Amino acid sequence: DSGVTQTPKHLITATGQRVTLRCSPRSGDLSVYWYQQSLDQGLQFLIQYYNGEERAKGNILERFSAQQFPDLHSELNLSSLELGDSALYFCASSVAGGPLETQYFGPGTRLLVL
Amino acid sequence: EDKVVQSPLSLVVHEGDTVTLNCSYEVTNFRSLLWYKQEKKAPTFLFMLTSSGIEKKSGRLSSILDKKELFSILNITATQTGDSAVYLCAVSQGGGADGLTFGKGTHLIIQP
C-alpha cells in the first residue's frame, strides 16, 4: 500500500457525461500527478500540481481539468466523455514534485465509457 | 520526441530462471530512470537510478544504468511465480517536465 488513495475504484458512464475522480496523496506529500493508462498508449502523464498550483502539463485534453485543494487532495474532471476515454486513471504523489523524487502511485480508478 | 522503449514486450520463463529486461531512452534533460512493477493495479516502485554504472540491488532484483549508451537493465535472478507482472521503465526530466515518461512495459510470466 503506497499511502495514496483514489476514489472511486470503478466508474461506468455514458458518452457525453462528466465525471470527477478523487485522489488523496501520501501524508506529507505536496505534489500530485495524474496519469492515464490505456492498452494502446500505455501510461501517459496528464498533469501535475504542487501545493495547490499547477506545475506541469502533459498530454491532457482540453475536456479534462484538474485542481488541488488546500488540504492537498486533488480532483480530475473529465467532461464530454468519449469511448476512447475509457482507461485506468492513476494518481501519484511525491514530497515536493522534483525530478529526482520517487512518485508513489495510488490504486487507480477504472473508467468505462459506454 | 521523447521516448522510452522497453524490450522484450513479453517474456515467458520457468521458475528459477534468470531474466534481463531492457529499457532504452531518448529524452531531453534526463534526470533519472525508474523501474516499477505493476501486477493487478498500481505500479509499485522498485528502483531509481541517476548515476551510470552503480548497481542498485534489492533481494533478487538488481538494476544498472548506462547514461552514455542511454539504457538500463533490470535483472531478476531465481525467478518465482510472484515475479509475474508488467515491469515498467520510466524517465524523469528536468526543465519543468516533471511528469514521468513511461515505456510500454515488459509483460513477464513465470511458469511453475
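The structure presented is a predicted model; accordingly, all values stated were derived computationally and were not measured.

Novice: How would you explain the interface of chain B and chain A if you had to name every residue and give the values?
Specialist: Counting residues at the interface gives 21 residues for chain B and 25 residues for chain A. In this assembly, chain B packs against chain A so that about 1700 Å² is buried in total across both faces, 60% of it on carbon and sulfur atoms. Interface area lost by chain B to chain A is led by Lys-41, Asp-98 and Phe-102 of chain B, which between them contribute 32%. On inspection of chain B and its partner chain A, the count reaches 0 salt bridges. For the interface between chain B and chain A, the tally reads 6 residue pairs in polar contact (both at pLDDT 80 or more). When residues of the side of chain B that touches chain A are traced back to their parent elements, those giving at least two are strand 4 (30-38), strand 5 (43-49) and strand 9 (85-93) of chain B. Ranked by residues supplied to the side of chain B that touches chain A, first place goes to strand 4 of chain B with 5 residues.

Novice: Residue-level account of the sheet that holds strand 8 (residues 74-78) of chain A, with values.
Specialist: Residue and element names in this part refer to chain A. One open sheet accounts for 4 strands, arranged 1-3-8-7; its pairing is antiparallel. Here the strands that pair on one side only, and so sit at the sheet edges, are strand 1 (5-7) and strand 7 (64-68). Averaged over all pairs of adjacent strands, the angle between their axes in this sheet comes to 15°, without regard to strand direction. Bridging between strand 1 and strand 3 (residues 19-24) involves 3 bridges; their strand directions are antiparallel.

Novice: Now, about the state of the cysteines: what can you tell me, with residues and values included?
Specialist: A covalent bond between the sulfur atoms of two cysteines is what we call a disulfide. Residues and elements named next belong to chain A. Following the criterion strictly, the structure yields 2 disulfides over all chains and no others. With its sulfur 1.8 Å from that of its partner, Cys-23 forms a disulfide with Cys-91. Its S-S torsion of approximately -45° makes the covalent link between Cys-23 and Cys-91 left-handed. Within this pair, whereas Cys-23 is found in strand 3, its partner Cys-91 is found in strand 9 (residues 87-94), the two being separated by 68 residues in sequence. Judged by its relative accessible area of 0%, Cys-23 falls in the buried class. Under the relative-accessibility criterion, Cys-91 is labelled buried at 0%.

Novice: Describe the pattern of salt bridges, listing the residues and the values that go with them.
Specialist: Residues and elements named next belong to chain A. Evaluation of the coordinates by the stated rule reveals 5 salt bridges over all chains. The closest approach of N and O atoms between Arg-63 and Asp-85, which form a salt bridge, is 2.8 Å. In this pair, Arg-63 is assigned in the loop between strand 6 (53-57) and strand 7 and Asp-85 in the loop between strand 8 and strand 9, connecting sequence segments 22 residues apart. Here Asp-85 falls in the buried class, since its relative accessible area comes to 4%. Through salt bridges that share partners, Arg-63, Glu-82 and Asp-85 make up one connected network.

Novice: Report on the pairing of strand 9 of chain A, specifying residues and quantitative values.
Specialist: Residues and elements named next belong to chain A. With 8 of 8 residues buried, strand 9 lies mostly within the body of the structure. The side-chain alternation of strand 9 yields two buried faces, one formed by Ala-87, Tyr-89, Cys-91 and Ser-93 and the other by Leu-88, Phe-90, Ala-92 and Ser-94. As judged from the 7 bridges shared by strand 4 (residues 31-38) and strand 9, these two strands associate in the antiparallel manner. Looking at strand 9, one finds that Val-32 is bridged to Ser-93. Relative to strand 11 (residues 109-113), strand 9 runs antiparallel, the two being bridged by 3 bridges. Looking across to strand 11, one finds that Leu-88 is bridged to Arg-110. Relative to strand 10 (residues 104-105), strand 9 runs antiparallel, the two being bridged by 2 bridges. Looking at the pairing, Ala-92 lines up with Phe-105 of strand 10.

Quick notes on the rules
Residues numbered from 1 in each chain as written. Chains lettered and ligands numbered in written order. Predicted model: local features only at pLDDT ≥ 70, side-chain atom pairs only at ≥ 80, totals over all residues. Heavy atoms only, no water. Contact = heavy atoms within 4.5 Å. Buried area = accessible area lost by both parts, 1.4 Å probe. Salt bridge = Lys/Arg side-chain N within 4 Å of Asp/Glu carboxyl O. Polar contact = N/O pair within 3.5 Å; in protein donor to acceptor, adjacent residues only side chain to side chain. Helix = DSSP H or I, 4+ residues; strand = E, 2+ residues; numbered from the N terminus. Pairing = 2+ DSSP bridges. Axes fitted to C-alpha atoms, helices over the stretch in contact; angles between N-to-C directions. Disulfide = S-S within 2.5 Å. Buried < 20%, exposed > 50% of the residue type's maximum accessible area, 1.4 Å probe, protein only.

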